[in-house]
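Examination of the molecular architecture
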Amino acid sequence: MKIIKNILVGFVVSFLGSIPLGYLNFIGFEIYTEFGINNLLLYLLGVIFIEALVIYFTLIFAAKLANNKKLMKVIDIFGIFFLLLLAYSFYSHSTQSVSNQHYLEKYIIYSPVVIGLFLSSINFLQLPFWTGWNLYLINGKYIHVNGKWKFFYILGTLIGTFLGMLALVFFLNTISQNADSFSKYLIPVIIPMLFIVMACLQSYKVFKKYIK
């Protein structure tokens, strides 16, 4: 019963956590539309490998990380600039014509697994996300993390992230194929605006948590 509970809780948290629009999802969408399903699957494997390490270590050191106020403050503040940088990056690359250079071309010379490993490694916002969730689940006794039980929880989170990102990529692809206006404004307008909104929400979170 503990095994099923740990897997299900990990699955639900990570599946829902992968749905909010983030740059890993959009890069996956671009890889899928440009290079096909096989490259997308390899990319997702790279992403969840790094996530497995993050979840494992935040699971072990969740309390210590949460109590390190300075570290968490730096990460939260950096997240604001990181999201704004992503918004600018998508907007600036959208101004280039396809005939000139697609922004994925400089990365696709590497394996999609390597791309997933690298981009997931610089996704600093997952550290406070998983630290908070792991503390909540442990304190609420929703999961068992003693001994081998923690690995079933991690397994559930990885399955949830993989399927959540995969579902979102397919959803974005379906919309882009059936809505020309959406496809036209996705990269230059919609994605940058979403990142700006996320940066504003992150700013409010920092203000409420550290200043107010």
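A short tour of the structure in this document, coming up.

Attention shifts here to the overall build of the protein chain. The number of helices and strands found in the protein chain is 8 helices and 0 strands. From first element to last, N terminus to C terminus, the protein chain shows the α and β order α-α-α-α-α-α-α-α. In the protein chain, which comprises 212 residues, the proportion classed as buried is 41%. For the protein chain, the share of sequence-separated contacts (at least 6 apart) that also reach a separation of at least 24 residues comes to 86%. Working note: accessible area of the protein chain is about 11,800 Å², and carbon and sulfur atoms make up 70% of it.

This part is about a nonpolar patch on the surface. A surface patch of nonpolar side chains, about 500 Å² in accessible area, is lined by Ile-77, Phe-81, Leu-84, Val-189, Met-193 and Ile-196. At the level of elements, helix 4 (69–94) and helix 8 (180–211) are the ones that each hand at least two residues to the nonpolar patch. Note on placement: Ile-77 falls in helix 4.

Spanning 14 residues, helix 6 (residues 126–139) covers 20 Å between terminal C-alpha atoms, matching the ideal 20 Å at 1.5 Å per step. By the burial criterion, the buried members of helix 6 are Gln-126, Pro-128, Trp-130, Thr-131, Asn-134 and Leu-137. Just downstream of helix 6, Lys-141 is the residue with a positive phi angle, here 55 degrees.

The full count for this structure, using the stated rule, is 4 aromatic pairs. For the ring pair Tyr-56 and Phe-57, a centre distance of 5.2 Å and an interplane angle of 80 degrees mean the geometry is edge-to-face. Looking at Tyr-56, the relative accessible area reads 27%, which means it is partly exposed. Relative to Phe-151, the ring of Tyr-56 has its centre 6.0 Å away and its plane inclined at 20 degrees; by these criteria the two rings are stacked. Residue Tyr-56 is found in helix 3 (residues 37–67), and its partner Phe-151 is found in helix 7 (residues 149–178); the two are separated by 95 residues along the sequence. Taking the relative accessible area as the measure of exposure, Phe-151 reaches 46% and is therefore partly exposed. Members of the aromatic cluster, connected to one another through ring pairs, are Tyr-56, Phe-57 and Phe-151.

Okay, the nonpolar core next. Among soluble globular proteins, nonpolar side chains are generally buried collectively. In this structure, Tyr-23, Leu-24, Tyr-43, Leu-44, Leu-119, Ile-143 and Tyr-153 are the most contacted members of the largest nonpolar core, which totals 38 residues. Going through the elements one at a time, helix 1 (2–18), helix 2 (23–35), helix 3, helix 4, helix 5 (112–121), helix 6, helix 7 and helix 8 are the ones with two or more residues in this core. Among the elements that make up this core, the one with the highest residue count is helix 3 (10 residues). Setting aside anything within four residues of it in sequence, one finds Tyr-153 in contact with Asn-6, Gly-10, Ile-55, Leu-59, Trp-130, Asn-134, Leu-137 and Ile-143.

With respect to the helices, strands and loops of the structure, Phe-207 is situated in helix 8. Using a relative accessible area of 40% as the deciding quantity, one classes Phe-207 as partly exposed. Sequence-wise, Phe-207 and Ile-77 are 130 residues apart; in three dimensions their C-alpha atoms are separated by 9.6 Å.

Relative to the assigned elements, Thr-58 resides in helix 3. Within the local environment of Thr-58, its side chain forms a polar contact with the backbone oxygen of Val-54, the two atoms lying 2.7 Å apart. Reaching out from Thr-58, the side chain makes a polar contact with the backbone oxygen of Ile-55 at a distance of 3.1 Å.

Here Leu-83 is to be found in helix 4. Distance in space between the C-alpha atoms of Leu-83 and Gln-202 is 8.9 Å, their sequence separation being 119 residues.

Cut-offs used in this document
- Residues numbered from 1 in each chain as written.
- Predicted model: local features only at pLDDT ≥ 70, side-chain atom pairs only at ≥ 80, totals over all residues.
- Heavy atoms only, no water.
- Helix = DSSP H or I, 4+ residues; strand = E, 2+ residues; numbered from the N terminus.
- Buried < 20%, exposed > 50% of the residue type's maximum accessible area, 1.4 Å probe, protein only.
- Contact = heavy atoms within 4.5 Å.
- Areas by Shrake-Rupley, 256 points an atom, 1.4 Å probe, with all protein chains shown as cover.
- Patch = residues over 30% accessible without salt bridge, like charges linked within 9 Å, V, L, I, M, F, W, Y side chains within 5 Å.
- Salt bridge = Lys/Arg side-chain N within 4 Å of Asp/Glu carboxyl O.
- Expected span 1.5 Å × (residues − 1).
- Phe/Tyr/Trp six-rings, centres within 6.5 Å; stacked < 30°, edge-to-face > 60°.
- Core = buried A, V, L, I, M, F, W, Y, C linked by side-chain atoms within 4.5 Å.
- Polar contact = N/O pair within 3.5 Å; in protein donor to acceptor, adjacent residues only side chain to side chain.

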